[in-house]
Amino acid sequence: MMSLMARQWQARTDREQILLAVMAALVALVLAWLLAVRPLVDFHQRARSDYAASVGLYRDIEAGIARYDTLRAGGPADASASQSLRSIVGSMALRHGISIARLVPSDEGELAVNIDRAEARAVMAWLIELEERHGVQVVSSTLDRLGDDYVELHLVLRRRSV
């Protein structure tokens, strides 16, 4: 069998041998992509979405625990006064479908928020709700447009003084 294949190979011209080698390399690359790389990319995407869902669930549980503790202590039904600025901003962002890239608290009680890509309408609704329901104000902001409906955002937020 091998001698038959060797004779067939030797019967080909140099140009045909090169073309066959290139074709074999391309077939090997396609198979490597389909059998190794693509499943790894899909796994990474699933892991990323599972992580985002877990973070959302964690923040919901954290907010529920804060409300429970407030009700148990006999405090007001609105636990936003006892919640940290970070948890309020994070849970409200998840509710509006905004993925926050980074939250960095400062010593002055401010919170730096970086959003790499979000829908402009969702961001505006999020900021309005933060202001109206929780008294969170924008101290400074940088907004870059990323196409028709998306923005990149860098904010510094602070709770309104009572």
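See the structure above.
About the criteria used
- Residues numbered from 1 in each chain as written.
- Predicted model: local features only at pLDDT ≥ 70, side-chain atom pairs only at ≥ 80, totals over all residues.
- Heavy atoms only, no water.
- Helix = DSSP H or I, 4+ residues; strand = E, 2+ residues; numbered from the N terminus.
- Rg over C-alpha atoms; globule rule 2.2 N^0.38 Å.
- Buried < 20%, exposed > 50% of the residue type's maximum accessible area, 1.4 Å probe, protein only.
- Core = buried A, V, L, I, M, F, W, Y, C linked by side-chain atoms within 4.5 Å.
- Contact = heavy atoms within 4.5 Å.
- Pairing = 2+ DSSP bridges.
- Axes fitted to C-alpha atoms, helices over the stretch in contact; angles between N-to-C directions.
- Parallel < 35°, antiparallel > 145°, perpendicular 65-115°, else oblique.
- Left-handed = near helix turned anticlockwise from the far one by under 90°.
- Nonpolar A, V, L, I, M, F, W, Y, C, P; charged D, E, K, R; others polar.
- Polar contact = N/O pair within 3.5 Å; in protein donor to acceptor, adjacent residues only side chain to side chain.
- Patch = residues over 30% accessible without salt bridge, like charges linked within 9 Å, V, L, I, M, F, W, Y side chains within 5 Å.
- Areas by Shrake-Rupley, 256 points an atom, 1.4 Å probe, with all protein chains shown as cover.
- Salt bridge = Lys/Arg side-chain N within 4 Å of Asp/Glu carboxyl O.

### Things to note about the overall build of the protein chain
Right, on to step 1. Check the secondary structure of the protein chain and you find four helices and four strands.
Right, on to step 2. Since a compact globule built from 162 residues should have a radius of gyration of about 15 Å, the 28 Å found for the protein chain marks it as more spread out than a globular shape.
Right, on to step 3. Across its three principal axes, the protein chain shows a C-alpha extent of roughly 90 × 35 × 30 Å.
Right, on to step 4. Burial statistics for the protein chain: of 162 residues in total, 23% are counted as buried.

### Some thoughts on the nonpolar core
Right, on to step 1. Core analysis: the largest hydrophobic core is formed by 22 residues, its most contacted members being Val 89, Val 113, Trp 126 and Leu 130.
Right, on to step 2. Contributing elements (two or more residues each) for this core: helix 3 (85-95), strand 2 (111-119), helix 4 (120-134) and strand 4 (150-159).
Right, on to step 3. Excluding residues within four positions of it along the chain, Trp 126 makes contact with Val 89, Met 92, Ala 93, His 96, Ile 98, Ile 100, Val 113, Ile 115 and Leu 155.

### Side note on the pairing of strand 4
Right, on to step 1. With seven bridges joining them, strand 2 and strand 4 adopt antiparallel strand pairing. The residue of strand 4 that forms the bridge with Ala 112 is Val 156.
Right, on to step 2. Bridge analysis of strand 3 (residues 136-145) against strand 4 gives nine bridges, and the strand direction is antiparallel. When the bridges of strand 4 are listed, Asp 144 appears paired with Glu 152.
Right, on to step 3. Hairpin remark: strand 3 followed by strand 4, antiparallel, with four residues in the connecting loop; positive phi at Gly 147, about 105°.

### So, the packing of helix 3 against helix 4
Right, on to step 1. Where helix 3 meets helix 4, the closest approach of the two axes is 10 Å, and the angle between their N-to-C directions is 135°. Judged by the inter-axis angle, helix 3 sits oblique to helix 4. The way helix 3 lies across helix 4 gives a crossing that is right-handed. Taken together, the residues of helix 4 that come into contact with helix 3 (itself represented by Ile 88, Val 89, Met 92, Ala 93 and Arg 95) are Trp 126, Glu 129, Leu 130, Arg 133 and His 134.
Right, on to step 2. Taken together, the residues of the contact of helix 3 with helix 4 sort by class into six nonpolar, one polar and three charged.

### Remarks on the side chain of Glu 129
Right, on to step 1. Note that Glu 129 resides in helix 4.
Right, on to step 2. Overall, Glu 129 belongs to the buried group, its relative accessible area being 16%.
Right, on to step 3. In this structure the side chain of Glu 129 is engaged in a polar contact, spanning 2.8 Å, whose partner is the side chain of Arg 133.
Right, on to step 4. Apart from residues no more than four positions distant in its own chain, Glu 129 is found in contact with Met 92, Arg 95, His 96 and His 134.

### Some remarks on a nonpolar patch on the surface
Right, on to step 1. Together, Trp 9, Leu 20, Met 23, Val 27, Val 30, Leu 31, Trp 33, Leu 34, Leu 35, Val 37 and Val 41 make up a nonpolar patch on the protein surface, roughly 1000 Å² of accessible area in all.
Right, on to step 2. The dominant element in the nonpolar patch, judged by the number of residues it contributes, is helix 2 (residues 14-72), at 10 residues.
Right, on to step 3. In this structure, Val 41 sits in helix 2.

### Things to note about the side chain of Gln 17
Right, on to step 1. Looking at the secondary structure, you find Gln 17 in helix 2.
Right, on to step 2. A relative accessible area of 16% places Gln 17 in the buried class.
Right, on to step 3. Reaching out from Gln 17, the side chain makes a polar contact with the backbone oxygen of Trp 9 at a distance of 2.7 Å.
Right, on to step 4. For Gln 17, the residues in contact, after removing those within four places along its chain, are Trp 9, Gln 10 and Arg 12.

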